[in-house]
Amino acid sequence: MVVVGNQWGDEGKGKVVDWLTDQAHGVVRFQGGHNAGHTLVINGQKTALQLIPSGVMRPGVACYIGNGVVVDPSHLQLEIGRLEAAGVDVCSRLHISESCPLVLPSHVALDVAREARRESCGVGKIGTTGKGIGPAYEDKVARRAVRAQDLKHPQRLAEKLRETLDLHNFMLRAYLHADEVPFASTYARLLELAGLVTPMLADVGDLIYKCHVRGERLLFEGAQGTLLDIDHGTYPFVTSSNCVAGNAAAGSGIGPGYLDYVLGITKAYTTRVGSGPFPSELPIDVPGTVGHHLHTVGQERGTVTGRPRRCGWLDTAALKRANIINSTSGQCITKLDVLDGLAEIRMCVGYRLDGKVIDILPLDADDIARCEPMYESMPGWTQSTAGVTRWDALPQAARNYLDRIAELSGTPIAMVSTGPDREHTIVLQHPFGV
Ligand code: GDP
Ligand code: IMO
Ligand code: MG
């Protein structure tokens, strides 16, 4: 089963993946890097994950990092250290593809310096997480990435690192007027990290194929969201990988025929971190307004960067595109409880653009920025839905809202999340069919 974000990220993918691991043998990450931030809450205890798959909190569940993920070994050390200090066994259950491109300190320097340059030139920042993700994917596509497998060969590592750093330092010095990244200390640090990483390196495609043959259930965990996809998102205000369900196969090393069910995670409203168009956006800083309610009640602040998340109404015209691109089998609507107490709930169901009415999000970010949202209104509810675990215990107005989302976005609702904790979950049709 593939689990993907249907909006601009932070839909609650981590919570849902963790919940589903009750029925799964393994969790596979297939794209992104530690730009992701997935928060899991188990019996009130919070765990924030970035690179490590959201199966790690369930003992015995195997965790795989597929070839489509860019890995910062220094960050990996930190994240493993944090989890192991909390008593979670990671290293014996984590398998990392040998083909993963590495995120180097120079990628971080390039990411940060480029954002500063965009700002000073008046082009406007992308609003990246500053983790070096974009520059690392650029090197992958340019066929000069230092890959995880190079950590096993110190001589080859030195040659590839020197070549890559030469280019990075030229860009940093001559184009971006930023500090260079020294070869010697970077190489020494990578050799040190090789000791941690190389025992976990594996042929991930083959391992997960064997799981499939044994009849084991696997979860492919997406990071970011469909509207941040490099091809299908609001380019250039996107991340640098394909976040759509179709990439679960290429990013993990198995064929698409092994993927059966696609679960789209959809927040009951919309949020976005970083720059870029957002037709149903509301101001978040005026107390007493809906935007302020969503921001404060939803605690909408980035896990990785701590930036406030922009908030707005649910956009079913954008969801429609996400459900088509992902061939979503079912949706999990998250954070329904955040809407408790709102007198009226709105949904953006289409846009006016150049005098025409359209019912699906356009492809061009400039067009999206000019879209005038068209809203449908529904009555809200006063009763609390927080922690509700049964569909028939939801207020009728909340059930009507969920039914309307399914109708407008073209995909049935399989699950509803009513709180951050693992147990705050309603199942209508279990995605594993159990
Ligand atoms: P992800 O990146 O898609 O995994 O999502 P994040 O973890 O970045 O953001 C989702 C946030 O909402 C986290 O803090 C979760 O603990 C929290 N969350 C998830 N589901 C629910 C829910 O149904 N209700 C509430 N109130 N919070 C939720
Ligand atoms: P999860 O997995 C929300 C956004 C950044 C920025 C753009 C590009 O937690 O949903 P990048 O550093 O990737 O080059 O930044 O993408 N972004 C996310 N927004 N959730 C995420 O991950 C994100 N990962 C990247 O804010 O707008
Ligand atoms: Mg997140």
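For the structure itself, consult the block above.
The residue count restarts for each chain, going from 1 along the sequence in the order it is written. Written order determines the labels here, with chains lettered from A and ligands numbered from 1. For this predicted model, a pLDDT threshold of at least 70 governs which residues receive local features, and a threshold of 80 or more governs which side-chain atom pairs are given and counted, while totals over whole chains, interfaces and linings are taken from all residues. Side-chain measures here rest on the full set of heavy atoms in the structure, leaving out hydrogens and waters.

Colleague: Lay out the pattern of salt bridges with the relevant residues and their values.
Modeller: Salt bridges are defined by distance alone: a side-chain nitrogen of Lys or Arg within 4 Å of a carboxyl oxygen of Asp or Glu. According to the stated counting rule, one finds 25 salt bridges in the structure shown. Its salt-bridge partner being D150, residue R156 comes within 2.8 Å of it at the nearest N-O pair. Here's how the labels work: a residue is buried when its accessible area is under 20% of the maximum for its type, exposed when over 50%, partly exposed in between, all with a 1.4 Å probe on protein chains only. The exposure class assigned to D150 is buried, which follows from its relative accessible area of 0%. In this structure, the salt-bridge partner of E216 is R214, at a minimum N-O distance of 2.9 Å. Classification of E216 by relative accessible area gives partly exposed; the value is 23%. A residue is classified by how much of its surface remains accessible, and R214, at 55% relative accessible area, is exposed.

Colleague: Describe the nonpolar core, naming the residues involved and giving the relevant values.
Modeller: For this analysis, a nonpolar core means a set of buried residues of the types Ala, Val, Leu, Ile, Met, Phe, Trp, Tyr and Cys, connected via side-chain atoms within 4.5 Å. L76, L94 and I96 are the most contacted members of the largest nonpolar core, which totals 38 residues. What makes two residues a contact is simply this: any of their non-hydrogen atoms within 4.5 Å. If sequence neighbours within four positions are ignored, I96 has contacts with I65, V71, L76, V197, M200, L201, A202 and V204. Counting 29 residues, the second largest nonpolar core, distinct from the first, contains Y269, L282, L319 and L342.

Colleague: Got a sec to walk through the coordination of the magnesium ion (ligand 3)? Specific residues and values, please.
Modeller: Note that water is not among the atoms considered, so a metal site may appear incomplete; the donors listed are N, O and S atoms within 2.8 Å of the metal, with 3.2 Å applied to Na, K and Ca. On the protein side, the magnesium ion (ligand 3) has D10 (OD) and G37 (O) as donor atoms, found 2.0 to 2.1 Å from it. You can see D10 sitting in the loop between β1 (2-5) and α1 (13-20) and its partner G37 sitting in the loop between β2 (26-29) and β3 (38-42), a full 27 residues away along the chain. Per the convention used, a helix needs a DSSP run of H or I reaching at least four residues, while a strand needs a run of E reaching at least two, with both numbered from the N terminus.

Colleague: So what's going on with a nonpolar patch on the surface? Residues and values would help.
Modeller: Residues enter patches when their relative accessible area tops 30% and they take part in no salt bridge; the joining distance is 9 Å for like charges and 5 Å for the nonpolar side chains Val, Leu, Ile, Met, Phe, Trp and Tyr. The method behind every accessible area is Shrake-Rupley, applied with a 1.4 Å probe, and residues are considered shielded solely by the protein chains displayed. On the surface, Y209, V213 and Y258 cluster together into a nonpolar patch covering about 290 Å² of accessible area. Structurally, the position occupied by V213 is in helix α7 (residues 204-213).

Colleague: Describe in detail the site of ligand 2, supporting the description with residues and values.
Modeller: Taken together, 20 residues lie around ligand 2, and K13, H38, T129, Q224 and T239 are the ones closest in. Separating an oxygen atom of ligand 2 from a backbone N or O atom of Q224 is a distance of 2.8 Å. With the chains in place, 97% of the 550 Å² that ligand 2 exposes on its own is no longer accessible. According to the grid-proximity analysis, the pocket containing ligand 2 is the largest pocket. The cutoff for a nearby residue is simple: one of its non-hydrogen atoms must lie within 4 Å of the molecule or strand. Pairs of N or O atoms within 3.5 Å make up the polar contacts considered here, provided that, within protein, one atom can donate a hydrogen while the other can accept it, and that residues adjacent in sequence are counted only when both atoms are side-chain atoms. Definitions used throughout: a 1 Å grid over protein atoms alone; a cavity as a set of points that fits a 1.4 Å probe which cannot get out; a pocket as an open set with protein on both sides within 12 Å along at least five of seven lines; a lining residue as one with an atom within 4 Å of a point. Whether a molecule sits in a cavity or pocket is decided by its atoms, more than half of which must lie within 2 Å of the grid points.

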